[in-house]
Amino acid sequence: MKENRRCSLNQFMEGLIRRNPHEPEFQQAVDEVAADILPFIDDKYEYRKAMVLERLTEADRVIVFRVTWVDDEGYVRANRGYRVQQNNSIGPYKGGIRFHRNLTLDTLKFLAFEQTLKNSLTGLPMGGAKGGANFNPKDKSDDEVLRFCQSFMIELSRHIGPNVDIPAGDIGVGAREISYMFAQYKRINNEFSGVITGKGISFGGSMIRTEATGYGCVYFMEDMLKENGSSFEGKTALVSGAGNVAQFTAEKIIELGGKVLTLSDSSGFIHDSEGITKEKLDYVKDLKNVRRGRIAEYADEFDVTFYEGKKPWDIPAELAFPCATQNEISAGDARKLIENGCIAVAEGANMPTVKEGVDLFIGEKILYAPSKAANAGGVAVSGLEMTQNSMRMSWSREELDNHLRVIMRDIHAKCVDYGREKDGYINYRKGANIAGFLKVADAMVACGPT
Ligand code: NDP
């Protein structure tokens, strides 16, 4: 092979788009990574010779299957299930399961690719994967969700295992769905093992896992602010979403002295100019986790405004935490945030900002924490749940919160190491991409062409 065989970003993306047509989210995720990695490996022959980036963007395997179940009226229903096993160079496949009406393979490919770099950033031995189904648990009864989860696991169980692939929750998959799937795996294999993370505390779950993604995201923001001589004290914050990540992001912001102004769901957002207190957040947890209601009910309960069909990014605030879904911050939203004086963004959701929006944040040199760094706390504590399951013991809440704090600080430090620009600005996107890539790339080079 000639030493000078190189590939420009355009050439690389042309090939990727040809191989993955009609998959804009996967293309977007790869483009954002390749733009940082290709210049970085330009003088690193071993990575180019091993075609690491090309291999990293091709999943080890994609499993697609039908999930058949019976609804409460006795009708047979069928959905499509998936598992994308992206890369297991540094550890067994690991990544969440998403149940969402509009879920496509495109979304799962982007998530599995991002997961691979994120898991690497945590420093724990976990490869990358993602899975799910185009199933909407929100308009189903508990019994229907149970039957769906059991049927989903009948097929998925053939492809996972505590040393093979360890799923977890994501959008639409919370404690209820995890419990049903774990129990079904146990029945099929007659084996009690750490095959899924996010389990209930009484059957192998880890303390702090529920809180970890949100808390971790806020810890990362705290480190970014600290690096710039600032803190949360008195700062206003926009949070989108009202699910797992949003709830615990809001909780930790409040605990650290910040003021949370908004929460949202797919029907719109609420603006509470007085700030969402811990008591009001308890109401949201009950509303969303127990009663499975809509965020609009918060507006009636606390006499604040609900903006139907809108996102919170027009409200002036210093900090922004997108915690709902991908591409929820458009270029226009990013511009508005900057105009309104936003100084920092930490992404709780996966890829919540469109590429042009990210470019604007970085171009304006505001603090911008990409999802693969900012929301890695969830999978990090999942990794610690795996460790506890293997050791057949459990750590205390304090021990785990300390572990989480240290892991997030470590990820921040890696981003600073690889992301600091000549003028001192820290490009966290570049730092996270390079640091996440390096560990996987070294393993792939060492193991030869597999
Ligand atoms: P949940 O299902 O608990 O909550 C999702 C929230 O986002 C809900 O409020 C939901 O509203 C809202 N939402 C979903 N889709 C849309 C949409 N298209 N437009 C507007 N709002 C939407 O999920 P999580 O909190 O677990 O996940 C949120 C994000 O965080 C996802 O990107 C996920 O991949 C990411 N993440 C989650 C981790 C975890 O540990 N849970 C770990 C790392 C990343 P509604 O109820 O109306 O649907």
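Residues numbered from 1 in each chain as written. Predicted model: local features only at pLDDT ≥ 70, side-chain atom pairs only at ≥ 80, totals over all residues. Heavy atoms only, no water.

**Student:** A description of the overall build of the chain should follow, citing residues and the corresponding values.
**Tutor:** Counting its regular elements, the chain contains 17 helices and 12 strands. Taking 2.2 N^0.38 as the reference for a compact globule, 450 residues should give roughly 22 Å; the C-alpha atoms of the chain span a radius of gyration of 21 Å, in line with that estimate. With the C-alpha coordinates aligned to their principal axes, the bounding extent of the chain is approximately 65 × 55 × 45 Å. For the chain, with 450 residues in total, the buried portion stands at 57%. A separation of at least 24 residues holds for 71% of the contacts in the chain among residues at least 6 apart in sequence. (Helix = DSSP H or I, 4+ residues; strand = E, 2+ residues; numbered from the N terminus. Rg over C-alpha atoms; globule rule 2.2 N^0.38 Å. Buried < 20%, exposed > 50% of the residue type's maximum accessible area, 1.4 Å probe, protein only. Contact = heavy atoms within 4.5 Å.)

**Student:** Can you lay out the confidence of the model for the chain for me, pointing to particular residues and giving the numbers?
**Tutor:** Residues with a pLDDT of 70 or more make up 99% of the chain, whose mean pLDDT is 97. Summarising per-element confidence for the chain, the mean pLDDT is lowest in helix 3 (residues 45-49) (95) and highest in strand 10 (residues 319-321) (99). (pLDDT = per-residue confidence, 0-100.)

**Student:** For the site of the ligand, give the residues involved together with the corresponding values.
**Tutor:** As a structural note, the neighbourhood of the ligand is formed by 25 residues, with Lys 138, Asp 170, Thr 213, Ser 266 and Arg 294 the closest of them. At 2.9 Å, a side-chain N or O of Arg 98 approaches an oxygen atom of the ligand. Looking at the shell around the ligand, the elements that each hand over two or more residues are helix 8 (209-227), helix 9 (244-255) and strand 7 (259-265). Residue assignment places the shell around the ligand across two domains, with domain 2 (61-192) and domain 3 (210-374) each supplying three or more. (Near = heavy atom within 4 Å. Polar contact = N/O pair within 3.5 Å; in protein donor to acceptor, adjacent residues only side chain to side chain. Domains from an automatic or database assignment.)

**Student:** Please set out the domain arrangement of the chain residue by residue, giving values where relevant.
**Tutor:** Segmenting the chain into domains produces domain 1 (9-56), domain 2 (61-192) and domain 3 (210-374). Once you take the C-alpha centre of each, domain 1 and domain 2 turn out to be 27 Å apart. The interface is formed by 9 residues belonging to domain 1 together with 11 residues belonging to domain 2. Between domain 1 and domain 2 the total buried area reaches about 990 Å² when both faces are included, carbon and sulfur atoms providing 61% of it. Taken as a group, Glu 25, Phe 26 and Leu 56 account for 56% of the area that domain 1 buries against domain 2, more than any other trio of residues on that side. (Buried area = accessible area lost by both parts, 1.4 Å probe.)

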